[in-house]
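Residue-level listing of the chains:
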Amino acid sequence: MSETQPIWIKDPLAVMADGAERGVVVSNGRIVELVGAGQAPATPSTAIFDAGAHVVIPGLINTHHHFYQTLTRAMPAAMDRELFPWLKALYPVWARLTPEALDLAVTVAMAELMLSGCTTTTDHHYVFPAGLEDAIDIEVAAAQRLGLRVILTRGSMNRSQRDGGLPPDSVVQDEDTILADSARLVARHHQRGPDAMVQIALAPCSPFSVTTSLMKATADLAAKLDVRLHTHLAETEDENRFCEEIHGCRPLDYLEQCGWLGHRAWLAHGIFFNADEMKRLGKAKTAISHCACSNQILASGCCPVCEMEEAGVAIGLGVDGSASNDESNLMQEVRAAFLLQRARYGVGKVSHKDALRWATQGSAACVGRPELGEIAVGKAADLALFKLDELRFSGAGDPLAALVLCGAHRADRVMIGGHWRVIDGVIPGLDVAELIRRHSAAASKMQAA
Ligand SMILES: [Zn+2]
């Protein structure tokens, strides 16, 4: 990482950290000092960023998404359906995905995330129609252009309609191709250590779209290459029935049989686990990505986050794919998770601080990156700064609570690894109007074909 002049983010309106009333100092991509009340930085020759109009929080971390789905938002044929029929309506459209369309979709999703205060995102890409073999390479290039920190998961499906699965034959690959490409991507792109900007994880789509052999081989490969594992689990009751019919057990038992129950894995959704299963997850240090908007739109159910946390399970937040959310705004996801879980558990158990904690420290635990998601000395200089000068905030008493309660949705500044990647609510160098024009055209073409 190049040497940068230390910057004092000075006198924020509020900051999500103890002992940093006068702000934080960042240098060389890390937070090097918290400046307490009545103090000045001890770090010499600091530049100053006046944060007097900003609420400063750790950059938000998105633990579940399918970027390509920005091309099929609010698509009439898939609307008002539950998961399985929703998937069946969308697979044939997704089979028409091209490298050019994916590049636009990824750029749209990443830009939306960054403008909402996100500094690290995952993506779960699992459709590989012919011609799109380099999907993950396309995602890496887009992340590097925008300066976003990413954990891109190499998804997979090898159980198509031919074998009793849901996806059409044209979007699946065989086991050898999937494993060879997974190893190639890790060797080519996966960075190690706390400053890593690009990481790769391995991610079969779900128990109903891959074979047992691929589930097991993927876990073995992840252990060998020392990378993380991700998949969807316990999203619907349909899935429980399907798993019992095909494998004669519940989804978590199946996951365990496949060698997945451990610290490497984080699972999207986790709605339908029983008390014993939650304990097993907690003991194994397997984390859950809670996707509040997606779960409400598909009427899948509500992840029992408080019981999970009591059982020792780390909870992160994910916007999920844009065909089921249909936005990629992570700050709005914080509010959605807060509302859903507050309604479930009541005022004594869930506060705005919990929702912000899930999207930061909780999400960092999901992706195995303890150096992210917190404003503390030695952690990454990944920060999101929000102004409270919109109508929605007027009259707010507690600035930090206002972000969640009044519905913040756009960051004014975003710093990733010590670099400003969003300035005055804009990503420098990104022509948003042109991006929307090209992305909309690609979406229309795909949906109409
Ligand atoms: Zn998903």
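Computed from a prediction, not measured in an experiment: that's the story for all the values here. (Residues numbered from 1 in each chain as written. Predicted model: local features only at pLDDT ≥ 70, side-chain atom pairs only at ≥ 80, totals over all residues. Heavy atoms only, no water.)

Student: Can you walk me through helix 11 (residues 330–345) in this structure?
Tutor: At 3.6 residues per turn, the α-helix brings residues three or four places apart onto the same side. Under the 1.5 Å per step criterion, the end-to-end length of helix 11 is 22 Å for 16 residues, consistent within 8% with the ideal 22 Å. What helix 11 keeps buried is the set Leu330, Met331, Glu333, Val334, Ala336, Ala337, Phe338, Leu340, Gln341 and Tyr345. Residue asparagine 329 occupies the N-cap position of helix 11, its side-chain oxygen lying 3.2 Å from the main-chain nitrogen of methionine 331. (Helix = DSSP H or I, 4+ residues; strand = E, 2+ residues; numbered from the N terminus. Expected span 1.5 Å × (residues − 1). Buried < 20%, exposed > 50% of the residue type's maximum accessible area, 1.4 Å probe, protein only. Polar contact = N/O pair within 3.5 Å; in protein donor to acceptor, adjacent residues only side chain to side chain.)

Student: Quick question: what am I supposed to make of the pattern of salt bridges here?
Tutor: Think of it this way: side chains of opposite charge can pair up when their charged atoms draw near. Within the structure shown, the criterion is met by 24 salt bridges. With a shortest N-O distance of 2.9 Å, aspartate 103 and arginine 145 are connected by a salt bridge. Here arginine 145 lies in helix 3 (residues 135–146) and aspartate 103 lies in helix 2 (residues 99–115), a separation of 42 residues in the sequence. The class of arginine 145 is exposed, set by a relative accessible area of 54%. The closest approach of N and O atoms between aspartate 226 and arginine 264, which form a salt bridge, is 3.0 Å. (Salt bridge = Lys/Arg side-chain N within 4 Å of Asp/Glu carboxyl O.)

Student: Got a minute to help me understand the packing of aromatic side chains in this structure?
Tutor: On inspection of all chains with the given rule, the structure shows six aromatic pairs. The interplanar angle of 90 degrees and the centroid separation of 5.1 Å between the aromatic rings of tyrosine 68 and tryptophan 94 together place this pair among those described as edge-to-face. Pair noted here: tyrosine 68 is in the loop between strand 7 (60–62) and helix 1 (83–94) and tryptophan 94 is in helix 1, with a separation of 26 residues, a long-range link. Using a relative accessible area of 0% as the deciding quantity, one classes tyrosine 68 as buried. Using a relative accessible area of 0% as the deciding quantity, one classes tryptophan 94 as buried. Taken together, a centroid distance of 5.9 Å and an interplanar angle of 85 degrees make the contact between tyrosine 68 and tyrosine 126 edge-to-face. Of this pair, tyrosine 68 sits in the loop between strand 7 and helix 1 while tyrosine 126 sits in the loop between strand 8 (118–125) and helix 3; the two residues are 58 residues apart in sequence, bridging distant segments of the chain. Relative accessible area serves as the criterion here: at 3%, tyrosine 126 is assigned to the buried category. When the ring centre of tryptophan 420 is taken as reference, the NZ or CZ atom of arginine 413 above it lies at 4.7 Å. (Phe/Tyr/Trp six-rings, centres within 6.5 Å; stacked < 30°, edge-to-face > 60°. Lys NZ or Arg CZ within 6 Å of the ring centre and 35° of its normal.)

Student: Before we go on, may I ask you to explain the sheet that holds strand 1 (residues 7–10) in this structure?
Tutor: Each strand in a sheet pairs with another by means of backbone hydrogen bonds, the pair being arranged parallel or else antiparallel. What the four strands build is an open sheet, ordered 4-3-1-5; its pairing is mixed. Strands with a single pairing partner mark the edges of an open sheet, and in this sheet they are strand 4 (30–34) and strand 5 (47–50). Adjacent strand axes in the sheet meet at a mean angle of 25 degrees, parallel and antiparallel pairs treated alike. Bridge count for strand 1 against strand 3 (residues 23–27) is four bridges, and the pairing is antiparallel. Across the sheet, isoleucine 9 pairs through a bridge with valine 24, a residue of strand 3. (Pairing = 2+ DSSP bridges. Axes fitted to C-alpha atoms, helices over the stretch in contact; angles between N-to-C directions.)

Student: Just checking my understanding: could you explain the sheet that holds strand 2 (residues 14–15) for this structure?
Tutor: If you walk across this open sheet you meet the five strands as 2-6-15-16-17, and the pairing is mixed. On the outer flanks of this sheet lie strand 2 and strand 17 (419–422), each paired with one strand and no other. In this sheet, strand 15 (residues 383–387) lies alongside strand 6 (residues 54–58) in antiparallel orientation, the contact comprising five bridges. Residue pairing for strand 15: valine 55 is matched across the bridge by phenylalanine 386.

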